[in-house]
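A closer look at the structure
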Amino acid sequence: MLVKSRPRVSRSLLGIGRRSLGNFRDTLQIARRRLAVRPARYPNISWWAWGLVWVFLTAAVFVRLDTPAGVAHGQWSAGAARLAEFFTQFGLGGWYLIPSSLLLVAANLTDWRSLSRRALMLVYSWTCLAFLVLSAVGLSGLTVNVLKYAIGRARPLYFPDFGVLALHPFAFDARFAGFPSGHATTMGAVFGILLLLFPRRWYIALVVTACIASTRVFVGAHYPSDTVAGFGLGCAFAVACGLVFARLGFIFRPAPSGLPVRKPSFRLVATAK
């Protein structure tokens, strides 16, 4: 029986592999077809203006808050420190990248042709969302890691030794990887995604994500300007990914001006017939 079952298992695994490869090819073909027939007409967003606001805000925070934050490091109450240590964990990219990756793998192994229309649209929506999260959080995370080691700013943990502006480019030392904050970049990307999906509740998303990003200051890992810079970077990546998704017709549709608009067909919960 064991000898006979092995060919069946091999054929089953081979079938799954072929289905996975077929799904991947179909997805690439859809994306290429849509990019070919849809011109790159993105909304006229004043990126330069938002970039200037981001730079000036980061500079203002650096001037006004970074030195006080360095001096105050280690003087927070034990309760505040423990609270910050707990909530700062939610800024780790793994909370968003791992579930998204697993969801994409599961969707890639699914036999889409066997699903009903309702189930197909539900799986399609979750797959698009996972791809959006993976793109925004992943790409911004890669960028911020290159920047922080290229800039090499000392963390506030070492404020007494190095001061508020000690740069050691390409030192590849965790002590000199402060600017921008990776956790804050992740939260900025999450905020950007929530902003696109739920524009009427943007203020709730901003408060929650900004509070999590600010915990990096209280745990002594980053200066306030590090978090502001990272948050803006992550949000910009999320918006850029949303614009590309709108051109592809995934989740969003293009708007004549401003941010893309969520499509009515995007549903994460099955609706009653």
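No experiment lies behind these values; they were computed from the predicted model shown. Counting restarts for each chain, with residues numbered from 1 along the sequence as it is written. This being a predicted model, a pLDDT of at least 70 is required before a residue's local features are given, and a value of 80 or more before pairs of side-chain atoms are given or counted; all residues contribute to the totals for chains, interfaces and linings. Side-chain measures were taken over the full set of non-hydrogen atoms in the model, leaving aside hydrogen atoms and water.

A few words on the overall build of the chain. Here a strand is any run of E in DSSP of at least two residues, a helix any run of H or I of at least four, and the numbering for each starts at the N terminus. A count of helices and strands for the chain gives nine helices and two strands. Helices (α) and strands (β) of the chain occur, in sequence order from the N terminus, as α-α-α-α-α-α-α-α-α-β-β. Seen through its C-alpha atoms, the chain measures out along the principal axes to roughly 70 × 55 × 40 Å. Whether a residue is buried, partly exposed or exposed follows from its accessible area with a 1.4 Å probe, protein chains only, as a fraction of its type maximum: under 20%, in between, or over 50%, in that order. Burial statistics for the chain: of 273 residues in total, 36% are counted as buried. Residues count as neighbours in contact if any of their non-hydrogen atoms are within 4.5 Å of one another. Contacts in the chain between residues at least 24 apart in sequence constitute 75% of all its contacts with a sequence separation of at least 6. In the structure as shown, the chain presents an accessible area of about 16,000 Å², 69% of it carried by carbon and sulfur atoms. Only the protein chains shown count as cover for residues, and all accessible areas are computed by the Shrake-Rupley method using a 1.4 Å probe.

UniProt positions are given in the numbering used here, feature names are shortened, and annotations may be inferred rather than shown by experiment. Sites flagged by UniProt as "transmembrane region" (unreviewed entry) map to residues 47-66, 86-107, 119-139, 177-198, 203-223 and 229-252. Secondary structure across residues 47-66 divides into 100% helix and 0% strand, with the first and last C-alpha atoms of the span separated by 26 Å. Helix makes up 77% of residues 86-107 and strand makes up 0%, while its end C-alpha atoms are separated by 32 Å.

Detection works on a 1 Å grid of protein atoms alone, calling trapped sets that fit a 1.4 Å probe cavities and calling open sets with protein on both sides within 12 Å along at least five of seven lines pockets, with lining residues defined by an atom within 4 Å of a point. Grid points are joined across faces, edges and corners, and a volume is the space filled by probe spheres set on the points. In the structure shown here, the tally under the stated rule is one cavity of 30 Å³ or more. Lining the largest cavity, in full, are Met 121, Tyr 124, Ser 125, Gly 249, Phe 250, Ile 251, Lys 263, Ser 265 and Phe 266. Within the lining of the largest cavity, the residues separate by chemical class into five nonpolar, three polar and one charged. The residue classification treats Ala, Val, Leu, Ile, Met, Phe, Trp, Tyr, Cys and Pro as nonpolar and Asp, Glu, Lys and Arg as charged. All others, Gly included, are polar.

Mapped onto the secondary structure, Ser 181 falls in the loop between helix 6 (159-162) and helix 7 (182-197). Judged by relative accessible area, Ser 181 falls into the buried class, the value being 0%. Leaving out residues up to four positions away in the same chain, Ser 181 has contacts with Val 144, Arg 216, His 222, Asp 226, Thr 227 and Gly 230.

Looking along the chain, the bond that leaves Phe 179 and enters Pro 180 is cis, with omega of -10°. Even without glycine at this site, Phe 170 takes up a positive phi of about 55°. Checked against the element boundaries, Phe 170 lands in the loop between helix 6 and helix 7.

Turning our attention to the UniProt feature "domain: Phosphatidic acid phosphatase type 2/haloperoxidase" (unreviewed entry) in the chain. In the numbering used here, UniProt assigns the feature "domain: Phosphatidic acid phosphatase type 2/haloperoxidase" (unreviewed entry) to residues 130-242. Between the first and last C-alpha atoms of residues 130-242 the distance is 13 Å; the span itself is 69% helix and 0% strand.

The convention used is that axes are lines fitted to C-alpha atoms, helices contributing only their stretch in contact, and that angles between N-to-C directions extend from 0 to 180 degrees. Contact pair helix 7 / helix 8 (residues 202-218): the axes reach a minimum separation of 9 Å and the direction vectors enclose 175°. Considering the angle they form, helix 7 stands roughly antiparallel to helix 8. In this structure, helix 7 contributes His 183, Ala 184, Met 187, Val 190, Phe 191, Leu 194 and Leu 195 to the contact, and helix 8 contributes Trp 202, Ala 205, Leu 206, Thr 209, Ile 212, Ala 213 and Arg 216. For classification, angles of less than 35 degrees are called roughly parallel, those exceeding 145 degrees roughly antiparallel, those between 65 and 115 degrees roughly perpendicular, and all remaining angles oblique.

Glancing now at the environment of Ala 130. By the element assignment, Ala 130 lies in helix 5 (residues 117-151). With a relative accessible area of 3%, Ala 130 lands in the buried category. The spatial distance from the C-alpha of Ala 130 to the C-alpha of Gly 234 is 16 Å, given a sequence separation of 104 residues. If sequence neighbours within four positions are ignored, Ala 130 has contacts with Ser 100, Leu 103 and Leu 104.

Turning our eyes to something else, we now look at helix 7. What sets the pattern is the α-helix's 3.6 residues per turn: residues three or four places apart point alike. Helix span, expected: 1.5 Å multiplied by one less than the number of residues in the helix. In this model, helix 7 (16 residues) spans 23 Å end to end at C-alpha, consistent with the 22 Å of a helix rising 1.5 Å per residue. Counting buried residues along helix 7, 15 of its 16 residues qualify, which places the element largely inside the surrounding structure. For helix 7, the side-chain oxygen to backbone nitrogen distance between the N-cap and His 183 is 3.5 Å, and the N-cap itself is Ser 181. Identification of polar contacts relies on pairs of N or O atoms within 3.5 Å, with a donor-acceptor requirement for protein atoms, meaning one able to donate a hydrogen and the other able to accept it, and with residues adjacent in sequence counted only if both atoms are side-chain atoms.

Our next topic: the pattern of salt bridges. Each reported salt bridge corresponds to a side-chain nitrogen of Lys or Arg within 4 Å of a carboxyl oxygen of Asp or Glu. The final tally for this structure, using the stated rule, is three salt bridges. In this structure, Asp 173 and Arg 175 form a salt bridge, with 3.0 Å as the shortest nitrogen-oxygen distance. With a relative accessible area of 23%, Asp 173 lands in the partly exposed category. For Arg 175, a relative accessible area of 33% translates into the label partly exposed.

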